[in-house]
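Observations on the model geometry
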Amino acid sequence: MRRLLLLLLAAPLGSCAVDAPPRAANEAGIASLDVRRGPAASQALDAIAADYLRLTLEIGTHEDGYIDAYYGPPELQKAAEAAPRDKDALLAATRDLMARTDAAARRLSDPLDRRRAAFLRAQLRAAEARLMMMQGTRFAFADEAERLFGVRPKLKPLETYDAELARIEALVPGEGPLATRVEAYLDRFTIPKQRLQKVFDAAIARCRGRSAAHIPMPAGESFRLEFVTGKSWSGYNYYQGGYHSLIQVNTDLPIRLSRALDLGCHEGYPGHHLLNMKLEEGLAKGRGWTEFSVYPLYSPQSLIAEGSANYGIDLAFPGTSKADTERDVLMPIAEIPVPSDDRYWQLLSAIKRASGARLTIAQQYLDGEIDRATAVALTRKYMLVSPERADQSVRFTEQYRSYVINYGLGETMVRAYVERGRPSRDEMWRRMAKIVSEPTLPSDLLGR
């Protein structure tokens, strides 16, 4: 599938509202898959999916990183790389495929086929926008986000977060800039490099155990963990097919204890690794839906993936269980002194509540309202980080642009869907399993 980027900074939660495009299918939310399939409708969608797969692989030859993962027949990828169409031809082919999908959708009555058609249509709309961007078109931040990821964010003014900064000030009193004081305090919880492997192994094992208790894993699934440098992100999942992932953790900057469970859940279980496995198992292999053997990064799939991966942290470790695990299990492994009070966890929660400011800063920077130096300075102020971490955050925005909405906005939307109506814990996990196993669009997460 795609590449799953986890920001160095805490992912924004509740940072923006959203306008979604009209719901093409499934007005009541994520429906159960219907196994009835009309032969004619299925054949039409299969043909569209085959052309979509080829199209996506060819687009990937024009932009490094456009394809986050591919685990279909290697000969298809080799053929696409050997003779790709130019961008103009691909843009025309994308629009033709959208028209074919629209025509096919009008003839469909089966709910499953209609969901599949809606998914393909949304992916193609994103491909159209990305091809236009490759050719020099620049959209306003909100327009770009809507075209690529299927939602239109409404961002809060930066001053909205000033009250949270005041609360953080009370948690870390003293002289000098607040960001410097916060960094100095959090540095006490840095994992020594020689302890990283053991801490992450323990963290991921607990993320997997809690997820496997509710969502069945394919037999033989596995991942490999690597520590790398020179990246704009802090963690990344490269899904490689066959229920295997390469998970990389960036060590350019010191890694704090809070990142262990966050990355373990986000990149692993119930995040990216689990989502990719379930899509491969149930759709690419189970139903022969070839469109799910490729993952274009700039598409509505990414909002679902990032949102479910971020929300998966709280789902796997509700209430105080995350802090308890860090205090009782991970800090001893990391040889970090256990604090005598809860200030560390109170501070982390407050920082996350303020982190929606990151999206507003990204919007202002990408729309040309502020320059880079101002973006770095505002990141320092509102994200409460060092100059080095602020620069890394801005570099991420420069590289991935409006992709940043997928973390906070995606998490907010997934949380609202999973927790709607105060369900039981078992029901919450059941809803999460549906999100990561079915052709889910952002509009599917909206309420009636």
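Just so it is clear, the model here is predicted, and its values are computed rather than measured.

Let us now look at the packing of aromatic side chains. Throughout the structure, instances matching the rule amount to 16 aromatic pairs. Ring centres of Phe-149 and Tyr-403 lie 5.6 Å apart, and the angle between their planes is 90 degrees; this geometry places the pair in the edge-to-face category. On the criterion of sequence distance, the pair formed by Phe-149 in helix H5 (residues 141–149) and Tyr-403 in the loop between helix H16 (387–400) and helix H17 (405–419) is long-range, its members being 254 residues apart. Here the two residues Phe-149 and Tyr-403 agree in accessibility, since each one is buried. Taken together, a centroid distance of 6.1 Å and an interplanar angle of 65 degrees make the contact between Phe-223 and Tyr-269 edge-to-face. On the criterion of sequence distance, the pair formed by Phe-223 in strand S5 (residues 222–228) and Tyr-269 in the loop between helix H9 (258–268) and helix H10 (272–285) is long-range, its members being 46 residues apart. Note on Phe-223: relative accessible area 27%, which makes it partly exposed. The class for Tyr-269 is buried, based on a relative accessible area of 1%. Through pairs of rings, three or more aromatic residues link up here, namely Phe-149, Tyr-298, Phe-396, Tyr-400, Tyr-403 and Tyr-407.

On to helix H11 (residues 300–316). Look at H11: 24 Å from first C-alpha to last across 17 residues, which is about the 24 Å you get at 1.5 Å a residue. Buried residues dominate H11, accounting for 16 of its 17 residues.

Between H11 and helix H18 (residues 425–437), whose axes approach to 11 Å, the crossing angle comes to 160 degrees. For the element pair H11 / H18, the angle class is roughly antiparallel. In this structure, H11 meets H18 at a crossing whose hand is left-handed. Where H11 abuts H18, its residues Ile-304, Ser-308, Tyr-311, Gly-312, Leu-315 and Ala-316 lie against Arg-425, Met-428, Trp-429, Met-432, Ile-435 and Val-436.

This part is about the confidence of the model for the protein. If pLDDT is low for a region, its predicted coordinates should not be looked at in detail. Averaged over the protein, the pLDDT score is 91; the fraction of residues at 70 or greater is 91%. A low-confidence stretch, residues 1–17 stays under pLDDT 50, and its non-local contacts, those more than four residues away or across chains, total 119 contacts. Counting interchain partners and residues more than four positions distant, the pLDDT-below-50 stretch residues 20–38 has 49 contacts.

Time to look at the packing of H10 against H11. Put simply, H10 and H11 touch, their axes get as near as 9 Å, and they point 130 degrees apart. Comparing their axes, H11 and H10 come out oblique. Of H11, the residues touching H10 (which contributes His-272, Leu-275 and Leu-279) are Gln-301, Ala-305, Glu-306, Ser-308 and Ala-309. Taken together, the residues that form the contact of H10 with H11 break down as four nonpolar, three polar and one charged.

What counts and what doesn't
Residues numbered from 1 in each chain as written. Predicted model: local features only at pLDDT ≥ 70, side-chain atom pairs only at ≥ 80, totals over all residues. Heavy atoms only, no water. Phe/Tyr/Trp six-rings, centres within 6.5 Å; stacked < 30°, edge-to-face > 60°. Helix = DSSP H or I, 4+ residues; strand = E, 2+ residues; numbered from the N terminus. Buried < 20%, exposed > 50% of the residue type's maximum accessible area, 1.4 Å probe, protein only. Expected span 1.5 Å × (residues − 1). Axes fitted to C-alpha atoms, helices over the stretch in contact; angles between N-to-C directions. Parallel < 35°, antiparallel > 145°, perpendicular 65-115°, else oblique. Left-handed = near helix turned anticlockwise from the far one by under 90°. Contact = heavy atoms within 4.5 Å. pLDDT = per-residue confidence, 0-100. Nonpolar A, V, L, I, M, F, W, Y, C, P; charged D, E, K, R; others polar.

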